[in-house]
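Examination of the molecular architecture
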Amino acid sequence: MDWLQDRAVAVITGAAVGDALGGATEGWTPEQIEERHGGRVTGIVGPWHENWRDARPIAPYHKGDGHITDDTLMTRALVEVYAKRREHLDAYAMAQDLVPLMIGEPRWIPELESTALLLQRVFLAEKWIVARLHYGHVDPREAGVGNVVNCGAAMYVPPVGLANAGDPRAAYAEAIDLTGAHQASYGREAAGVFAAMVASAVAPGAALDDVVATASEVSHDGTRAALEAVVEALGGFDGPPTDDEGERALARLVRETVAPFDSVGPQYRNMSMDARRPSRTKAIEELPAALGLLLGHRGDYRGSVLAAVNYGRDADSIAVMAGAICAGLGGASVVPSEWLDPVEEASRMDIRATGRLMGEAAADILRADRERARARLRVLDTLETGGVPA
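Residues numbered from 1 in each chain as written. Predicted model: local features only at pLDDT ≥ 70, side-chain atom pairs only at ≥ 80, totals over all residues. Heavy atoms only, no water.

Moving on, we get to the layout of surface pockets. Of the volumes computed, that of the largest pocket is approximately 710 Å³. Taken together, 35 residues form the lining of the largest pocket, with Glu-26, Phe-123, Tyr-268, Arg-276 and Asp-314 sitting closest to its centre. Those elements that place two or more of their residues in the lining of the largest pocket are α3 (70-85), α5 (124-135) and α14 (315-330). The element that contributes the greatest number of residues to the lining of the largest pocket is α5, accounting for three residues. Of the residues contributing to the lining of the largest pocket, the split by class is 16 nonpolar, five polar and 14 charged. For the second largest pocket, the calculated volume is near 400 Å³. As for the second largest pocket, its lining consists of 20 residues, of which Thr-29, Pro-30, Glu-31, Arg-255 and Tyr-311 are closest to the centre. For the lining of the second largest pocket, the secondary structure elements donating two or more residues are α2 (30-37), α11 (244-258) and α13 (301-311). If you tally residues by element for the lining of the second largest pocket, the top one is α11, at five residues. Here the lining of the second largest pocket is built from residues that sort into six nonpolar, five polar and nine charged. (1 Å grid on protein atoms, 1.4 Å probe; cavity = no way out; pocket = protein on both sides within 12 Å on 5 of 7 lines; lining within 4 Å. Points joined across faces, edges and corners; volume = space filled by probe spheres on them. Helix = DSSP H or I, 4+ residues; strand = E, 2+ residues; numbered from the N terminus. Nonpolar A, V, L, I, M, F, W, Y, C, P; charged D, E, K, R; others polar.)

Written out as C-alpha cells, the structure is:
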C-alpha cells in the first residue's frame, strides 16, 4: 500500500473508531462516565441506558456497542462525493451531490438499527443543509449563515485534508468554501483548521509539532486563541499520563483551558444563553480539546482517543478529531484492529474500504494538481521573462 493510500485508510478508520467509542459517552461528565462503567472506559462499551429506544435524553439512538454515529455517516457521504467527482469540492458540490445522498439514498444507520435516510439521523444543524439548499434554494456559499454554530461541519472534513495532502492552506481554503453551505463563524473556521491539520499530518515526514504549527498558522480569532492557549497550557504538562489520576488531571487542564472560549458552558445538556451564536472571540470546544488531549499523549493514538472518550461532553467528535490526526501521523497500523474489526461488524460498514476509496480519489485529485502546478510554473516563467525564452 502506497503512502497516500495508507494515510487515507488511517485517517478514515482512525476517525471512525474514535467516533464509535466516543458515542457511548457523549453528553456526560468524566465523573458520570466512571460511575456508569465502574472506572475509565478502555474500549468499546455498551449503551448508557439498556432501554436506549426510549431512554432520555438521547432516544432513540443506540450509541455504544461499536456503532458509528452521524460523524462517520457524513464522512462516508463526503467520500462518495469525492469519489464521484475526482476533483476539489466547493459549496456547490454540497448542494449538487451531498444533499441528494442525504435525502435520496437509504443506508444502514447503526444507531437506529434500521435502513433509513441520512437526513433522518443527522442533528438539526445538519438537517439545515437540506432545508436551506434543497428547499430554500439559498446560494450555497451563504447557506450556512444563520445555522447554530457547532462542530457539525468540522466532524466530517477529514476527507478534505486527504484531498489536499501536504498542503494545509489549500485544505483550509477548500473546507472553508465547502462548509459555507453548512456553517458560519467559528463552526466554519474549525472545519477549515481541522482539514488543514489533517493535510499537515499526512505529509511524509510530518510530526506532531508540524500539525501544531499548522493549526496556529491558518486559524483566526477565537479559534486561534483557544488553540494557542491549549498549546501553552500543555507545554508544562508532565505527560503522557501513567495512571488514572494523571488522565483526570489532563482532562481537567484541557477543560479549564478551553472553557473561556466555549460558548456552550459548564453543563453540556443545559447550554448557556450565548451557546452556538456567531462570535469573533469564541471557538467550538471539540477542536482545541482534541489538540490538548493528543498533546498530553504526545500523539499516541490509543491514549489520545481514550482520553477523548473519557472527557465526555461531545466525546465522539473530540475522539474523531484526535483519532484522525494521530492516525494521519502514524499510519493505518496505529488504529487497533481489536477496536476497528468489531466497529466495522457492529456498524455494518467496511470502513477500511471507505479509506481506500478516498485514497483513490485523492490520488486522482493530486495528479491533476501536479499538472496544474506545472502549467502554472510555465506561465510564471513566461511572465518573468516577458515571453522571451530564458
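That covers the picture; the talk isn't over yet.
Before going further, it helps to examine the side chain of Arg-276. Tracing the backbone through its elements, the reader meets Arg-276 in the loop between α11 and α12 (286-296). In this structure Arg-276 touches Phe-123, Val-148, Val-149, Asn-150, Tyr-186, Ser-263, Tyr-268 and Met-271, once residues within four positions along its chain are discounted. (Contact = heavy atoms within 4.5 Å.)

The next thing to look at is a nonpolar patch on the surface. A cluster of nonpolar side chains, namely Leu-377, Val-379, Leu-380 and Leu-383, defines an oily patch on the protein surface of about 370 Å² accessible area. Relative to the elements of secondary structure, Leu-383 occurs in helix α16 (residues 351-385). (Patch = residues over 30% accessible without salt bridge, like charges linked within 9 Å, V, L, I, M, F, W, Y side chains within 5 Å. Areas by Shrake-Rupley, 256 points an atom, 1.4 Å probe, with all protein chains shown as cover. Salt bridge = Lys/Arg side-chain N within 4 Å of Asp/Glu carboxyl O.)

Met-74, Tyr-82 and Leu-287 are the most contacted members of the largest nonpolar core, which has 121 residues in total. Looking at which element gives the most residues to this core, the answer is helix α8 (residues 185-201), with 11 residues. Each residue touching Leu-287, except ones within four places of it in the same chain, is listed here: Ala-190, Val-193, Phe-194, Met-197, Leu-227 and Met-321. (Core = buried A, V, L, I, M, F, W, Y, C linked by side-chain atoms within 4.5 Å. Buried < 20%, exposed > 50% of the residue type's maximum accessible area, 1.4 Å probe, protein only.)

All right, on to helix α15 (residues 337-347) then. What α15 keeps buried is the set Trp-339, Leu-340, Val-343, Glu-344 and Ser-347. In a view along the axis of α15, the buried residues occupy a sector of 125 degrees, so they form one face of it. Exposed side chains of α15 directed beyond 90 degrees from the buried face belong to Glu-338 and Glu-345. Considering only its buried residues, α15 is in contact with α1 (3-23), β1 (107-109), α13 and α16. Looking one or two residues beyond α15, the residue adopting positive phi is Arg-348, at roughly 55 degrees. (Arc of directions from axis to C-beta.)

Glancing now at the pattern of salt bridges. Any two side chains of opposite charge can pair, on the condition that their charged atoms come close. Considering all chains together, one arrives at 32 salt bridges under this definition. One salt bridge in this structure joins Glu-228 and Arg-224, with 3.1 Å as the shortest N-O distance. One end of the pair is Glu-228 and the other is Arg-224, both in helix α10 (residues 221-234) and four residues apart, which spans about a single turn. Take Arg-224: its relative accessible area is 35%, and that puts it in the partly exposed class. Residue Asp-262 pairs with Arg-313 through a salt bridge whose shortest N-O separation is 2.9 Å. With Asp-262 in the loop between α11 and α12 and Arg-313 in the loop between α13 and α14, the pair connects residues that are 51 residues apart, well separated along the chain. No difference in accessibility class separates Asp-262 from Arg-313, as the two residues are buried. Salt bridges here are not isolated pairs; linked through shared partners, they connect Glu-26, Lys-63, Asp-70, Glu-111 and Arg-121.

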